[in-house]
Amino acid sequence: MAYSTQTLAGGCFGKIYKEKYGETWAAVKRVPLGIINKQQLERECRVYHNVRHPNVVKLLGDPWLKDSKWNIPLEFIFGEDLETTIFKAQVSKIQLTPAVKGTIITGMCEGLLHLHSKDIVHQDLKPDNIMVEYQTHRAVIIDLGLAKFFRNEFTSAVNMGNEAYSAPEILQMNGVRDKRSDVWAMGKIIAEVCVRFRLQTQFVSASKIRETLKDQPYCIPVSSMVEVNPNYRATMAAVISDIRRAGSTSQMDMRQRDVTVTQTNEVRGNQKWCPQVPAVPKMEVKNPPMVIYRQDPPHQREAVKALVPVKGEALNNQMSLMSFPCPLPETGKVTQERYNEEKGALEYKEIVTKGGKIIKYEKVQITKDS
């Protein structure tokens, strides 16, 4: 097999190379025989085989031995690591807008939730071990070399990992890395994505995060993820709904900022078009549009006792008592919709104006298709 090889980075216990693997590109992890034995290799591959999720890196095929090194073919992500995205803005190709932050944070949390649902503890979560795809901003958790199965307090790997993203119980009490320590590390990463600077591990706690993130949408879930006492710390399953909601809010806010608000005659919702007062008051309209308007709630409405033949501003002032959302036409027709509490049904009244005068105001029958 012919390879086009490019060194990418040093992975856990081995280097990563970009190589052609069949018809696709792969991130091939090469680990010397003296560092990993066959049993450890099989355990690592078993972790990959148990995971099938878009936010966790995939194993593309069986490892092979070459030049006294195990070659492990993994999914190649056309992107950059989150370390670069957060802390190296000058070289990063990803702009961390609120919407992009939402996509990245939701994705990496979905990936960790999936790992934990399979009783897999990553052990080494950090921005270096999360890739961000350039075009889609899909976040992918990588480097499962230290990942272990954790069932009934039995672990299938040694207790290892970095210190910068180690939970307090690991640093202070030499505790066992488990799902809770993964959650703490993920909470710290999310906070750093939000603030764009490195947080000192000893100052990461629920109260500190509330001060740092303040009114940001991720404040509440992240503060519960970094509780110092692991017994009070949230699980990924407990916070995922808030994480998704915060991500959706960020994307929605971004879309709203991208929309230029202009004056228009369109009335959204269950309304159609709102007729405006014509520039020439006396202009006749042969086929005036019919528009259905909803009134305000019952306690805000005031009854109209009589029809007053007025025009212009006086007409609009008079009809404003009926809570119309826009001026009536000098000549035209609109239909008013109101809810009758006694009958428990909608009623419709037709208002016809001509030359600035109300010439008709009576009930009409309207079907839903009208």
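Heads up: these notes are all about the structure in this document. Just so it is clear, the structure is predicted and the values come from calculations on it, not from any experiment.

### Some points on the nonpolar core
Inference 1: Counting residues in each nonpolar core, the largest one holds 66 residues, and the members touching the most others are Leu82, Ile105, Met108, Met186 and Ile190.
Inference 2: For this core, the element with the most residues is helix 5 (residues 179–195), which contributes 10 residues.
Inference 3: Not counting residues within four places of it along the chain, the set of residues in contact with Ile190 comprises Ile105, Met108, Cys109, Tyr218, Val222, Met225 and Ile243.

### Topic: the packing of helix 3 (residues 98–117) against helix 5
Inference 1: Contact pair helix 3 / helix 5: the axes reach a minimum separation of 11 Å and the direction vectors enclose 175°. Relative to helix 5, the element helix 3 is oriented roughly antiparallel. When helix 3 is examined against helix 5, the residues Lys101, Ile105, Met108, Cys109, Leu112 and His116 are found in contact with a partner set consisting of Lys179, Asp182, Val183, Met186, Ile189, Ile190, Val193 and Cys194.
Inference 2: Considered class by class, the residues forming the contact of helix 3 with helix 5 number 10 nonpolar, one polar and three charged.

### Some thoughts on the pairing of strand 8 (residues 130–133)
Successive side chains on a regular strand alternate, one facing one side of the sheet and the next facing the other.
Inference 1: By the alternation rule, side chains of strand 8 split into Ile130 and Val132 and Met131 and Glu133, which are all buried.
Inference 2: Taken together, the three bridges between strand 6 (residues 79–81) and strand 8 define a ladder with antiparallel strand orientation. Within strand 8, the residue paired with Asp81 across the bridge is Met131.
Inference 3: One ladder, built from three bridges, connects strand 8 with strand 9 (residues 139–141); its direction is antiparallel. Each residue of the ladder has a partner; that of Val132, found in strand 9, is Ala139.
Inference 4: The hairpin turn running from strand 8 into strand 9, its antiparallel successor, is five residues long, and His137 in that turn takes a positive phi close to 65°.

### Considering the packing of aromatic side chains
Inference 1: This model, assessed by the stated rule, comprises two aromatic pairs.
Inference 2: Between Tyr21 and Trp64 the ring centres are 6.1 Å apart and the planes differ by 10°, which places this aromatic pair in the stacked class. Linking Tyr21 in strand 2 (residues 14–21) with Trp64 in strand 4 (residues 64–66), this pair joins segments that are 43 residues apart in sequence.
Inference 3: Across from the ring centre of Tyr165, 3.8 Å away, lies the NZ or CZ of Lys188, which sits over that ring.
Inference 4: Sitting over the ring of Phe87, Arg198 keeps its end group 3.9 Å from the ring centre.

### A look at the pattern of salt bridges
Inference 1: What the rule picks out here adds up to 17 salt bridges.
Inference 2: Across the pair Arg30 and Glu19 runs a salt bridge whose closest N-O atoms are separated by 2.2 Å. Within this pair, whereas Arg30 is found in strand 3 (residues 24–32), its partner Glu19 is found in strand 2, the two being separated by 11 residues in sequence.
Inference 3: Judged by its relative accessible area of 0%, Glu19 is buried.
Inference 4: The partner of Lys333 in a salt bridge is Glu350, with the nearest N and O atoms 3.9 Å apart.

### Describing helix 1 (residues 38–49)
Inference 1: Taking 1.5 Å of rise per residue, the 12 residues of helix 1 would be expected to cover 16 Å, and the 16 Å separating its terminal C-alpha atoms lies within 8% of that figure.
Inference 2: Three or more residues of helix 1 are buried, namely Leu41, Arg43, Glu44, Cys45, Val47 and Tyr48.
Inference 3: Regarding helix 1, its N-cap is Asn37, as a side-chain oxygen of that residue lies 3.1 Å from the backbone nitrogen of Gln39 further along.

### Considering the sheet that holds strand 9
Inference 1: The strand order 6-8-9 describes an open sheet built from three strands, whose pairing is antiparallel. Pairing within the sheet leaves two strands with one partner each, and these edge strands are strand 6 and strand 9. This sheet shows a mean twist of 25° between the axes of neighbouring strands, independent of strand direction.
Inference 2: The strands touched by helix 3 within the sheet are strand 8 and strand 9, with strand 9 carrying the most contacts at an inclination of about 30°.

### Thoughts on the side chain of Asn129
Inference 1: For Asn129, the location among the structural elements is in the loop between strand 7 (120–121) and strand 8.
Inference 2: On the basis of relative accessibility, which here comes to 5%, the residue Asn129 falls in the buried class.
Inference 3: Among all residues touching Asn129, those that are not within four sequence positions of it are His122, Asp124, Val140, Ile141, Ile142 and Asp143.

Parameters at a glance
Residues numbered from 1 in each chain as written. Predicted model: local features only at pLDDT ≥ 70, side-chain atom pairs only at ≥ 80, totals over all residues. Heavy atoms only, no water. Core = buried A, V, L, I, M, F, W, Y, C linked by side-chain atoms within 4.5 Å. Buried < 20%, exposed > 50% of the residue type's maximum accessible area, 1.4 Å probe, protein only. Helix = DSSP H or I, 4+ residues; strand = E, 2+ residues; numbered from the N terminus. Contact = heavy atoms within 4.5 Å. Axes fitted to C-alpha atoms, helices over the stretch in contact; angles between N-to-C directions. Parallel < 35°, antiparallel > 145°, perpendicular 65-115°, else oblique. Nonpolar A, V, L, I, M, F, W, Y, C, P; charged D, E, K, R; others polar. Pairing = 2+ DSSP bridges. Phe/Tyr/Trp six-rings, centres within 6.5 Å; stacked < 30°, edge-to-face > 60°. Lys NZ or Arg CZ within 6 Å of the ring centre and 35° of its normal. Salt bridge = Lys/Arg side-chain N within 4 Å of Asp/Glu carboxyl O. Expected span 1.5 Å × (residues − 1). Polar contact = N/O pair within 3.5 Å; in protein donor to acceptor, adjacent residues only side chain to side chain.

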